[in-house]
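Next come the chains, spelled out residue by residue.
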Amino acid sequence: MKKIKFDISNLAKNCHETLILAALCKKEKHGYEIALEIEERSKGNFKFNYGTLYPTLHKLEKKKFIKGEWEDKSVKRKRKFYLITEKGLEYFDQQKDAWKEFINSIVSIMGDCE
Amino acid sequence: MDRFSSYLEELRNNPDIPENLRGNIINEISGDMNDIFDLFINRGLSEKEAEKKVLEKYSLSDDLINEFVSIYRSPVKKIVRGIADQVKSLWGKLLLFVIISLILFSTGIELLNTEFYLNASIFIWPVLFIACFVFLISGIEFNNIFIKKNPDVERSKARLANIVLLGGLSFLTGIAGFCIELLFASKRGMIFDPVLSFLMAYTGPDSGSFMFNIDETIIKCAGLMMLSLFILIFYSFIWLIMNNQLAKIEYLIKHFDKNEHV
């Protein structure tokens, strides 16, 4: 698997992207469900403005890491849900490794100070 | 109109995002806002509390709209915006002003000479026709933006885009004329390839007989290219100045809801 270089200057953006992909890796979801899942799975540590989620979703969709589809649950309300693509899964695996390495480095640096 | 439509008005009215995408984005966000509202109601909140909570979670700032704009802005607009951002500093503006003034001044003197038009290619006339038309649009917009100071922002934006497009069109007309002139010259030299024709004219055994036509063609083409480049640079400069002023007016209208004293 191709190893990606961790871009520390875009930490927040990377973090958002990876969390969204993680939330989608098992099941397709609506935008607000992704936000709710991230909040709940992080036990409230990741609380963010849900509005900021949508540009990231659209960016990931443009890069073909996720795919958005419309469902007509009722006539008056159209809803969009997202699912992860093969390309997205591959990218997510790379990101996961990069994040693990990054977190281990931080822990190791902090450990040296004990 | 649903409960949260009014909160998405700013997004709905943003012309930098293509209209069909804007509709989809609004449908998506408002659909999710309504769903999460229902979820809060099911968890026992009152309608008022649920609405307040949804709006807390979805604060739709200018940054969010700008993010969408940056995702969906066309590549041409991205380049143009990049250039406009580059010249926002005082030094950038000054440098641009000096360079463009030098180009316009040095070329402009030559364009004031009547002989230039007598010797130039016939294709300068369509180029000049487009330039006159753009001049008219620029004059109207200059009046709206700098004299009346009360433009219809959307209409002015469309007109300013037309100034750049038509400036580009006059340049393309110049290039097309240039190519046609070369083609005619090469036909006169009985060789269909313009590059070969030039080479033959200057290095071939019969170079003397071609020389007159080629020299004439070069003068025609140079004049044509100079004029079309001049028009492109001139109107790009006009666009840049008016676009900056329009952006200031738009900012004031948006944030202070007034359009006087710009």
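Above this text you will find the structure in question.
Here the residue numbering is sequential within each chain, running from 1 through the sequence in written order. By the order in which they are written, chains take letters starting at A while ligands take numbers starting at 1. It should be noted that, the model being predicted, local features are given only for residues of pLDDT at least 70 and side-chain atom pairs only at 80 or more, the latter also being counted only at that level, while totals for whole chains, interfaces and linings use all residues. Computation of side-chain values: all heavy atoms of the structure, hydrogens and water removed.

Participant: Sorry if this is basic, but what is going on with the packing of helix H2 (residues 19-42) of chain B against helix H3 (residues 47-57) of chain B here?
Facilitator: Helix-helix packing is described using two parameters, namely the angle between the two axes and the distance between the axes. All names here are of chain B. Every axis in this analysis is a line fitted to C-alpha atoms, fitted for helices over the stretch in contact. Angles between the N-to-C directions lie between 0 and 180 degrees. Helix and strand assignments come from DSSP, with helices taken as H or I runs of at least 4 residues and strands as E runs of at least 2, each series counted from the N terminus. The interhelical angle for the contact between H2 and H3, taken along N-to-C directions, is 135°, at an axis separation of 9 Å. The orientation of H2 with respect to H3, classified from their angle, is oblique. Between H2 and H3 lies a crossing whose hand is right-handed. Taking contact as the criterion, the partners of Met33, Ile36, Phe37, Phe40 and Ile41 in H2 are, on H3, Glu47, Ala50, Glu51, Lys53, Val54, Leu55 and Lys57. For the contact of H2 with H3, a count of residues per class yields eight nonpolar, no polar and four charged. Angles below 35 degrees are treated as roughly parallel, those above 145 as roughly antiparallel, those between 65 and 115 as roughly perpendicular, and all remaining angles as oblique. By the definition used in this description, the sense in which the near helix is turned from the far one sets the handedness, with an anticlockwise turn below a right angle giving left-handed and a clockwise turn giving right-handed. Two residues form a contact once any of their heavy atoms are found within 4.5 Å. Polar here means any residue outside two lists: the nonpolar Ala, Val, Leu, Ile, Met, Phe, Trp, Tyr, Cys and Pro, and the charged Asp, Glu, Lys and Arg; Gly therefore counts as polar.

Participant: Which parts of the structure should I look at to understand the state of the cysteines?
Facilitator: Throughout this description, disulfide means a covalent bond between two cysteine sulfur atoms. Residues and elements named next belong to chain B. Disulfide: a pair of cysteine sulfur atoms within 2.5 Å of each other. Inspection of the entire model under this criterion finds zero disulfides over all chains. Cysteine Cys179 is unpaired, with the sulfur of Cys221 as its nearest cysteine sulfur at 8.6 Å. Each residue is placed in one exposure class: buried if its accessible area under a 1.4 Å probe, protein chains only, is under 20% of its type's maximum, exposed if it is over 50%, and partly exposed if it falls in between. Given the relative accessible area of 4%, Cys221 is considered buried.

Participant: Would you take a moment to explain unusual backbone geometry for this structure?
Facilitator: Across residues other than glycine, the phi torsion is negative in most instances, and most of the peptide bonds are trans. Residues and elements named next belong to chain A. Despite not being glycine, Lys43 has its phi angle at roughly 55°, a positive value. Among the structural elements, Lys43 can be located in the loop between helix H2 (31-41) and helix H3 (53-62). Phi at Lys64 takes a positive value of approximately 65°, unusual for a residue other than glycine.

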